[in-house]
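# Inside the fold
Read off the chains here:
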2 protein chains.
Amino acid sequence: MKTDVQIAQETVLEPIAAVAQSLGIDETEYEPYGRDKAKLSLGLLDRLAGRPDGKLVLVTAINPTPAGEGKTTTNVGLAMALNRIGRRAITTLREPSMGPCFGVKGGAAGGGYAQVLPMEDINLHFTGDMHAIGAAHNLLAALIDNSIYQGNPLNIDPQRVELRRVVDMNDRALRDIVVGLGRRVDGVPRQSGYDITVASEIMAVLCLATGFEDLKARLGRIIPAYTYDQEPVTVEQLGATGAMALLLKDAIKPNLVQTTENTPAIIHGGPFANIAHGCNSVLATRMGLKLADYTVTEAGFGADLGAEKFLDIVCPSAGFAPDAVVLVATIRALKFNGGLAKDDLDAENLTALDEGMANLEQHLDNLAKYGVPVVVAINAFPADTAAETDLVRERCAELGVRAITSTVFTEGGAGGVELAEAVVELCERPGEFAPIYDSESSLRGKIEMVAREIYRADGVDYTPEARRQLERLSAQGFDDLPVCIAKTQYSFSDDATLLGAPRGFTIGLRELSVRAGAGFVVALAGDIMTMPGLPKQPAALGMDIDQEGRITGLS
Amino acid sequence: MKTDVQIAQETVLEPIAAVAQSLGIDETEYEPYGRDKAKLSLGLLDRLAGRPDGKLVLVTAINPTPAGEGKTTTNVGLAMALNRIGRRAITTLREPSMGPCFGVKGGAAGGGYAQVLPMEDINLHFTGDMHAIGAAHNLLAALIDNSIYQGNPLNIDPQRVELRRVVDMNDRALRDIVVGLGRRVDGVPRQSGYDITVASEIMAVLCLATGFEDLKARLGRIIPAYTYDQEPVTVEQLGATGAMALLLKDAIKPNLVQTTENTPAIIHGGPFANIAHGCNSVLATRMGLKLADYTVTEAGFGADLGAEKFLDIVCPSAGFAPDAVVLVATIRALKFNGGLAKDDLDAENLTALDEGMANLEQHLDNLAKYGVPVVVAINAFPADTAAETDLVRERCAELGVRAITSTVFTEGGAGGVELAEAVVELCERPGEFAPIYDSESSLRGKIEMVAREIYRADGVDYTPEARRQLERLSAQGFDDLPVCIAKTQYSFSDDATLLGAPRGFTIGLRELSVRAGAGFVVALAGDIMTMPGLPKQPAALGMDIDQEGRITGLS
């Protein structure tokens, strides 16, 4: 089979003007970025405010494994398949981070015949949103250090600057740094570091904002530092809101592109799914709901992280109620969850598969608690056997859930027609969506609800520091915010090695901090890496481009 | 008078497609970025290879002062005026750095009625070139630290990594940092720092590249580090050339915009004018020469830095021979050069003006050595008196040079008609351009030639370190490269306080290093700041944008 970049470069794209026109978007409501990308004006939402929303479909997955799940591929393929069966569909996706692209992961724009295009742009700078977010973040960081240096009128404690700097690069050497060295005129020395841009609170803010004024209000509420008296210092107090908003004036506009079958795709924003909520922007999804009959969106990592955050943070905040959920799994990943080693996944193994199904079943059981109908998509791999596929189908059927094989990677939309028909059927059922917790319950109550009901932990162990922070956050009036639990994506527990559906564990809660702009409290369960490193053989070393623009090594 | 941003937002722009069409650019030869910006394909140069070049006009200035000179304003106004008198003209300019925009300086896209538009985009992210250059640079930095961490196969000495990281922000706290702190898995600790992106060698490489293959060849030659044995380590050896070129695939394309009078403008690249050569890209200028009868380009800082580098580095490398030079001066700046305090510049003072003319005269005398005809543009300010203007005119006439008042800031192109006519007349004279030194003379010979002939120093004092580096660079075969002398822009000397036309000084040469990709040797004369800081009241704090996109505080 051809490589992703070969398929991408051979696909004939429609002019983006034609894609926009097919959605009824007026010429004044978008700006082209090249011939096959466009930014959509927020005015579009004002014009369409009265139009009823289409159906909202969330694509999520079992816990990720090194075996690969194909969530984005399934999302893209499903949208294409919906169009094939005569339903007007849009896929909405997160913007990939450039950093991992040069490391191990390669691209993140789907794969095979189910990609969003132009993949080489989407995987790199795209329309500049990631850089704009980085610039707004780093301007704030520079203004804080400058304020400390220029007489410190806000009484900021240099040891309590919580904002780090960001760059969209995997660069381990920047995790822990000391800034402000040199002479007196070179600033005030203090320990700090860099995160990858997708970990910036400004990314989360942009993705949760419902409009430009809301964006500014959220930016202004961010608390990047505390005073010597431990009082919060906000962006508004620093006077940085306007300049940061100015830097985000284009980044706030969702990006229109298309799939390998010319299905419209809106790609916008891409926050981490551990320390942030892991979903594309609310504005992108809202545009999808207004422009199409079906909007297929996606949440990061497995359903315990991404879907939980979509359902408990994004939906209540944006007023979304999903009509159906697609849970993506692969036979390989299920066998890995059943304890099989990575090198043995190509051979049929019904015992390991049977064992690994526990992971999928717990996700199904969890999703049922939200009152949203679910279908399982088995993303097909060549080594899957009929007996394995049957086993998954039967076990799902026992829970009243259909499991449908998807071959969109090799066949495009045609490989997702059965899945699309099932999704349409699910969307006709009356909605009973509700988040897992009430916003009125305490932060502690919310954390324990998720730990018990989703992770199936016996309880939560707080460090003394976490206990103090819980009390302080309650006292500061943040009890109403939802919680964003950051833990490993590889397990329901906080131990990456506990695969399947572990029991008899507790969640260790290390630290809490408020993201007052984004509007959630981050609860760290374990060591979360916010600045990845490059591997021994970075993917970057295999990349090239020639004079004619032919790209190699990007997948 | 209205503010720059008011004038900018009130101007009716032509669709960029119409601007491209007016230049005979085919629809396949550009990509729109929004409605009023476009990237020009390099294929354009292949198609027009056989077309004869138009005239090339360089705009430079006396030594900059806090009083303001208006070089970009004059450049833009001259191009508009040339069009008014029936000559097809294009202005080519450097892309402004975003960092200073949030500090003191404000925007850098001309001023008043002689601006390039959309100024709010040009001054901020524009089409993303600056961020792309930063990303390519920082990818290289990450790959170097990763190589050291992953067993150091290239034997890189962590204390001899010359490449710093870059960001397009004024952030003094990043000047001197220690990276790689933390645990073993967080990398190898070493001292480093950040420069502002315009100081990156990759910026200089992009601006001197003559095409995509040349860009890659130059990237591959960059020497970011040395081994423990002091042997150069190149980008090619690191295997980073392809990925860096991939990140620059769009940044290498010049950007088409327009002026306040819809005159085409190509804005591309913006290297520092001290540690780099300070001119827009060779590709932008070359496109101008093929598309228009007159291309008005510009060099950074005063003529001792920017014009010298344009004439001695850029022209020989790109094969350009300028047809005329416009030397911009203001009465205010000349009086400042004559010793008047900044607060006294509004009152007529013929004595100070007479004294300050020494600065202008030395620049005229220097430019004559290059064999290019010159005209002086007096950028008019309200407080200028007739007696002052007459004095400048008469003194210039004694040297056989016309001095013409330009009022393009308040009147647009109409205020530059006399200047445009003079430029057209100069361009008819036969060209006798030659650089000040031969490429065959030694690095030392080149440095001393510029010091003697341009700065009028009595000699050059080398530090022992500089002496050693000179010998090493000669031994490594870099004697053929031109020299890029980095000194203060405020004086002909290396002492910023010596205004006018100082004599009886020597130039202190502190350090040399090779920019093997850009193709020059940087010679540092004095302390050159490559990472600016923010002032006590950063301009950022006065900026805002509302829901309708109305911007305030950007000038």
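Residues numbered from 1 in each chain as written. Chains lettered and ligands numbered in written order. Predicted model: local features only at pLDDT ≥ 70, side-chain atom pairs only at ≥ 80, totals over all residues. Heavy atoms only, no water.

### With respect to the interface of chain B and chain A
Each partner contributes residues to the interface: chain B has 71 residues there, and chain A has 71 residues. Overall, the association of chain B and chain A removes approximately 6,200 Å² of surface from exposure, summing both partners, and the carbon and sulfur fraction of that is 60%. Viewed at the interface, chain A and chain B are joined by twelve salt bridges. Of the charged contacts in the structure, one is a salt bridge between Asp121(B) and Lys249(A), with a shortest N-O distance of 2.5 Å. Counting the contacts that link chain B with chain A gives 36 residue pairs in polar contact (both at pLDDT 80 or more). Contributions of two or more residues to the side of chain B that touches chain A are made by β1 (30–32), α6 (119–122), α7 (129–149), β8 (165–167), β9 (177–179), α9 (212–221), α11 (241–247) and β25 (544–545) of chain B. For the side of chain B that touches chain A, the class distribution of residues is 37 nonpolar, 13 polar and 21 charged. (Contact = heavy atoms within 4.5 Å. Buried area = accessible area lost by both parts, 1.4 Å probe. Salt bridge = Lys/Arg side-chain N within 4 Å of Asp/Glu carboxyl O. Polar contact = N/O pair within 3.5 Å; in protein donor to acceptor, adjacent residues only side chain to side chain. Helix = DSSP H or I, 4+ residues; strand = E, 2+ residues; numbered from the N terminus. Nonpolar A, V, L, I, M, F, W, Y, C, P; charged D, E, K, R; others polar.)

### What to know about α7(B)
All names here are of chain B. Counted at 1.5 Å a residue, the expected span for α7 with its 21 residues is 30 Å, and the 30 Å between its end C-alpha atoms agrees. The buried count for α7 comes to 21 of 21 residues, which makes it a mostly enclosed element. Remark: Gly-151 follows α7 within two positions and exhibits a positive phi of approximately 90 degrees. (Expected span 1.5 Å × (residues − 1). Buried < 20%, exposed > 50% of the residue type's maximum accessible area, 1.4 Å probe, protein only.)

### Quick look at the state of the cysteines
A covalent bond between the sulfur atoms of two cysteines is what we call a disulfide. Residue and element names in this part refer to chain A. The full count for this structure, using the stated rule, is zero disulfides over all chains. Not engaged in a disulfide, the cysteine Cys-315 finds its nearest cysteine sulfur in Cys-279; these two sulfurs lie 8.0 Å apart. According to the relative accessible area criterion, Cys-315 is buried, its value standing at 1%. (Disulfide = S-S within 2.5 Å.)

### So, a nonpolar patch on the surface
All names here are of chain A. A cluster of nonpolar side chains, contributed by Met-1, Tyr-113 and Phe-409, occupies part of the molecular surface with about 300 Å² of accessible area. Turning to its location among the elements, Phe-409 is positioned in helix α17 (residues 408–411). You can call Phe-409 partly exposed: its relative accessible area is 32%. (Patch = residues over 30% accessible without salt bridge, like charges linked within 9 Å, V, L, I, M, F, W, Y side chains within 5 Å. Areas by Shrake-Rupley, 256 points an atom, 1.4 Å probe, with all protein chains shown as cover.)

### A look at the sheet that holds strand β12 (residues 225–227) of chain B
Residue and element names in this part refer to chain B. If you walk across this open sheet you meet the three strands as β7-β12-β13, and the pairing is antiparallel. Only two strands of the sheet have a single partner each, and these edge strands are β7 (156–161) and β13 (232–233). Taken together, the two bridges between β12 and β13 define a ladder with antiparallel strand orientation. Looking at β13, one finds that Tyr-226 is bridged to Pro-232. (Pairing = 2+ DSSP bridges.)

### Looking at the UniProt feature "binding site: ATP" (unreviewed entry) in chain A
Residues and elements named next belong to chain A. In this structure's numbering, the residues bearing the UniProt feature "binding site: ATP" (unreviewed entry) are Thr-65, Pro-66, Ala-67, Gly-68, Glu-69, Gly-70, Lys-71 and Thr-72. Topologically, Glu-69 is positioned in the loop between β3 (55–61) and α4 (71–84). You can call Glu-69 buried: its relative accessible area is 11%. Here Thr-65 takes part through its side chain, which lies 3.0 Å from a polar atom of the side chain of Glu-69. In this fold, Lys-71 is placed in helix α4. (UniProt positions renumbered as here; feature names shortened; annotations may be inferred.)

### Focus: the domain arrangement of chain A
Residue and element names in this part refer to chain A. Here chain A is partitioned into domain 1 (4–127 + 251–428), domain 2 (129–248) and domain 3 (443–525). At the interface, twelve residues of domain 2 touch eleven residues of domain 3. Overall, the association of domain 2 and domain 3 removes approximately 780 Å² of surface from exposure, summing both partners, and the carbon and sulfur fraction of that is 51%. At the surface where domain 2 touches domain 3, the tally comes to five residue pairs in polar contact (both at pLDDT 80 or more). For the side of domain 2 that touches domain 3, the elements supplying multiple residues, two or more each, are α8 (201–208) and α9 (212–221). With four residues, α8 is the largest single contributor of residues to the side of domain 2 that touches domain 3. Its residues assigned to classes, the side of domain 2 that touches domain 3 comprises seven nonpolar, one polar and four charged. (Domains from an automatic or database assignment.)

### What to know about the packing of α4(A) against helix α18 (residues 417–427) of chain A
Residues and elements named next belong to chain A. Between α4 and α18, the shortest axis-to-axis distance is 8 Å and the interhelical angle comes to 80 degrees. Taken together, α4 and α18 sit at an angle that is classed as roughly perpendicular. Facing α4, whose interface residues are Thr-74, Leu-78, Ala-81, Leu-82 and Arg-84, α18 presents Val-417, Leu-419, Ala-420, Val-423 and Val-424. Looking at side-chain class alone, the contact of α4 with α18 contains eight nonpolar, one polar and one charged residues. (Axes fitted to C-alpha atoms, helices over the stretch in contact; angles between N-to-C directions. Parallel < 35°, antiparallel > 145°, perpendicular 65-115°, else oblique.)

### As for the relation of the copies chain B and chain A
The two copies are related by a screw motion: chain B maps onto chain A through a turn of 180 degrees and a shift of 0.0 Å along the axis, at an RMSD of 0.0 Å. Taken together, the rotation angle and the small translation identify this as a two-fold axis. Identified as the residue of chain B closest to the rotation axis by C-alpha distance is Tyr33(B), at 2.2 Å. Comparing contact sets, 100% of the residues at the interface of chain B also lie at the interface in chain A, consistent with an isologous, same-surface contact. (Least-squares fit on C-alpha atoms with pLDDT ≥ 70 in both.)

### Structural notes on the side chain of Glu120(B)
Mapped onto the elements, Glu120(B) comes out in helix α6. Buried within the structure, Glu120(B) lacks any salt-bridge partner; its nearest side chain of opposite charge belongs to Lys249(A), at an N-O separation of 5.5 Å. Setting aside chain neighbours within four positions, we find Glu120(B) in contact with Lys249(A), Gln9(B), Ile551(B) and Leu554(B). (Lys, Arg positive; Asp, Glu negative; His and termini not counted.)

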